[in-house]
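Chain and residue survey
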Amino acid sequence: MEENTIEVQQHDNQWGPNVWTHLSTVRQRSPLIQCITNFVSMDLMANTLLSAGASPAMIHSLEEIPDFTPHAHALCINVGTLTADWLPAMKSAAELANRLAKPWVLDPVAAGASSFRLEACLELVGLKPTVIRGNGSEIIALSKASVGLTKGVDSSHESSDAVEAATSLAQARGCIVAVSGAVDIITDGQRVGGAQNGVAMMQKITATGCSVTALIAAFVAIDPLHAFEATASALSIFGIAGEIGMGMAKGPASLRMHLIDSLYGLDQATVLHRVNIISLP
Amino acid sequence: MEENTIEVQQHDNQWGPNVWTHLSTVRQRSPLIQCITNFVSMDLMANTLLSAGASPAMIHSLEEIPDFTPHAHALCINVGTLTADWLPAMKSAAELANRLAKPWVLDPVAAGASSFRLEACLELVGLKPTVIRGNGSEIIALSKASVGLTKGVDSSHESSDAVEAATSLAQARGCIVAVSGAVDIITDGQRVGGAQNGVAMMQKITATGCSVTALIAAFVAIDPLHAFEATASALSIFGIAGEIGMGMAKGPASLRMHLIDSLYGLDQATVLHRVNIISLP
Amino acid sequence: MEENTIEVQQHDNQWGPNVWTHLSTVRQRSPLIQCITNFVSMDLMANTLLSAGASPAMIHSLEEIPDFTPHAHALCINVGTLTADWLPAMKSAAELANRLAKPWVLDPVAAGASSFRLEACLELVGLKPTVIRGNGSEIIALSKASVGLTKGVDSSHESSDAVEAATSLAQARGCIVAVSGAVDIITDGQRVGGAQNGVAMMQKITATGCSVTALIAAFVAIDPLHAFEATASALSIFGIAGEIGMGMAKGPASLRMHLIDSLYGLDQATVLHRVNIISLP
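Since the model is a prediction, treat every value here as computed from it, not as a measurement.

**Points about the nonpolar core**
- Counting residues in hydrophobic clusters, the biggest one holds 297 residues, and the most contacted among them are I33(A), I33(B) and I33(C).
- Those residues within four positions of I33(A) in sequence are excluded, and the remaining contacts are L49(A), A54(A), S55(A), P56(A), A57(A), A74(A), C76(A), A214(A), A217(A), A218(A) and A221(A).

And the structure:
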């Protein structure tokens, strides 16, 4: 694993250089990211990884996991269009990633939409993801079911509730938890960071959440010992690409295009200028 | 159901205001639309719904229907890439929608392409869709098989044949039938309307038909007691977005982008100016 | 079959007119191309076929093959997101295409990624594809497993290795083999052609390889007796569309859009001016 480690400064005022180091390392190493994901997101997710310099592999067949997963540098599992027949491959890949000490990232899409989905997510959380990324509702649903939050969580899922749910989940499971929102929250259970890049219209494009989860997998792949920092970097980079894309967009579809173009073209000066990550109390 | 009803004028010269009311109500209420659809269309369909202000949920697992479908405001079922293992979820969701008096919309893609597909469509038609939308060939194939049209239908599927097939199907099944074409036809079995918005190049983009069916589901979701009007409105709105997009497009791929951007940005003046819906004799 | 034959000159200096004849014939006849492909590529593949003037049908249900495949003019099979339950339909469709003397094209995506995938590809190769198109690694893996190449192939998969692997495979299987790369290679086991159109950034867009395979199917559909020439034409046309698109692109996502727009709009003068196909020794 040590050969995968890169030198990243962890002081707040160093976020700009850290983020740039993460992106440029992904471009240089082109980590192979196995994605077992939903049907809606496959296209944008693969293009997001390609534009960031990573190498996507959308391989979800149970039969292929013993041969293929050992070659991947990280694994991304997303339950967006889950059916029962997909779950064994997800679990098998996650177990193998664990055994091989490879990082893997879970996107618990719509975790609270059904008991089937929530149970599947809980089984996956039990397989020790390196990072879990969702929106506020998803993380609250998962934390409640996983940690047994007893305090009532109101239906508006205010930011403070999401922070509490994320922190509890991160502590209980020993992983990084990220919550997307107006400010993206990242926590390892102790530290809480806020990535403030991005634009609201990104929520009007399907699969942007799924895609940033895959980007997190790529960033953690090249810096597995600093998963907190790598996660914050990926969220910030994707948000910056959205900000630049928004300057050219006339609506959600052109934003999607410009976002990917911008991600591909990001340079150091732009990244250093725009990174906006803070420590939260 | 009454709480879902909105005041819509039904006089022909009121189509402009009606259409605008439908769109602005979708934007305001953001109805949750469950889509059980084909693999090709998932991305464009979800983005169409998001751009119109609705909330898409691509959930097709049989296990999730009892938990999730009751929360949806309408259901969209599309058989484009049907396999035998998807049919139980489609039927289960349609049955539940019926039982809960939720509107649901059927897109019988390529209904006549195989006996397997035609039989599946007939089973779904038997589950009382609120609206069926297809192209001329699909509606003729379905009407022939469902109603037992005895009159020969010529292979060119002229507009008049499609109108007859649609009217028969609507009468026999007590639903709205819409036929996409140079002029989109909408009928409840008695009235026949024609939505004349749209541009020919939209047929060169995959999944535009599927996506407008999902848009119909969103419009019917917010006005279930006027499914005829809501269907005409959705067809007109999608066509208007295509017309505006065409003004900026250089080919099918840029038309697709501009169409979605335009759908997102449509304002009242543009809608009132462009709506072109007529009564057909 | 003779009715499907078009007059194509086969002299090298005639490539421009040949390529244009192929494209204009596809536009005129709009061949129906059945695609059994991966989830990632369905959208771009369908849009590529539509923009070239062909008619895509993404139909992969085993139950539908006896009814539908006889109506298709060519078949495209792609194993990109293969699972065991998809293989019977692929084999059934390929067998039926063979029996009916319809051309079919195989895309052995990531053939070497697992033994499951390689064995599936070998089974499909045994069903006599008209054309096999892959990248260098895929063709080398397939040729090695299929023909039993004994000469060591180095891991860099240099162009010369790929040519040798492609030629061996073409000879052993009596098919056309195409290898995408900086120069696309086409061989029937005797002749070796090189299509030099295209731009490097096309590799940063997911599913471009899959899509050009489908385009090959459309071109072979209208000229099955000259599969070598039709394959070279399709590769050249897709590359030209990429070259023109690149002139307007700011990154991979806008290139994807402009590529499809350009494919739709290609005119004779542009094709004649840009075609760059050579004979290789």
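**Observations concerning the relation of the copies chain C and chain B**
- Mapping chain C onto chain B calls for a screw motion: a turn of 120 degrees about the axis and a shift of 0.0 Å along it, with 0.0 Å RMSD after fitting. Expressed as a symmetry operation, the mapping of one chain copy onto the other fits a three-fold axis. Distance from the rotation axis, computed per C-alpha, reaches its smallest value in chain C at F39(C): 3.8 Å.
- Each copy contacts the other with its own distinct surface, as only 9% of the interface residues of chain C are interface residues in chain B too.

**Overview of the packing of helix α1 (residues 15–29) of chain A against helix α9 (residues 227–246) of chain A**
All names here are of chain A.
- Here α1 crosses α9 at 85 degrees, and the two axes come no closer than 9 Å. The orientation of α1 with respect to α9, classified from their angle, is roughly perpendicular. Every residue of α9 that contacts α1 at W15, N18, V19, H22 and L23 is listed here: F228, E229, A230, A232, S233 and I237.
- Split by residue class, the contact of α1 with α9 holds seven nonpolar, three polar and one charged.

**What to know about the pattern of salt bridges**
- Applying the stated criterion across every chain, the model contains 24 salt bridges over all chains.
- Linking E243(B) and R274(B) is a salt bridge whose minimum nitrogen-to-oxygen distance equals 3.0 Å. Highlighted residues: E243(B) in helix α9 (residues 227–246) and R274(B) in helix α11 (residues 268–274), separated in sequence by 31 residues.
- In this structure, the salt-bridge partner of E123(C) is K91(C), at a minimum N-O distance of 2.5 Å. A residue pair is termed long-range when its members are at least 10 positions apart, and E123(C) in helix α5 (residues 115–125) and K91(C) in helix α4 (residues 87–99) qualify at 32 residues.
- Classification of K91(C) by relative accessible area gives partly exposed; the value is 24%.
- Salt bridges linked by common partners bring D43(A), R256(A), D43(B), R256(B), D43(C) and R256(C) together as one network.

Cut-offs and rules
- Residues numbered from 1 in each chain as written.
- Chains lettered and ligands numbered in written order.
- Predicted model: local features only at pLDDT ≥ 70, side-chain atom pairs only at ≥ 80, totals over all residues.
- Heavy atoms only, no water.
- Core = buried A, V, L, I, M, F, W, Y, C linked by side-chain atoms within 4.5 Å.
- Buried < 20%, exposed > 50% of the residue type's maximum accessible area, 1.4 Å probe, protein only.
- Contact = heavy atoms within 4.5 Å.
- Least-squares fit on C-alpha atoms with pLDDT ≥ 70 in both.
- Axes fitted to C-alpha atoms, helices over the stretch in contact; angles between N-to-C directions.
- Helix = DSSP H or I, 4+ residues; strand = E, 2+ residues; numbered from the N terminus.
- Parallel < 35°, antiparallel > 145°, perpendicular 65-115°, else oblique.
- Nonpolar A, V, L, I, M, F, W, Y, C, P; charged D, E, K, R; others polar.
- Salt bridge = Lys/Arg side-chain N within 4 Å of Asp/Glu carboxyl O.

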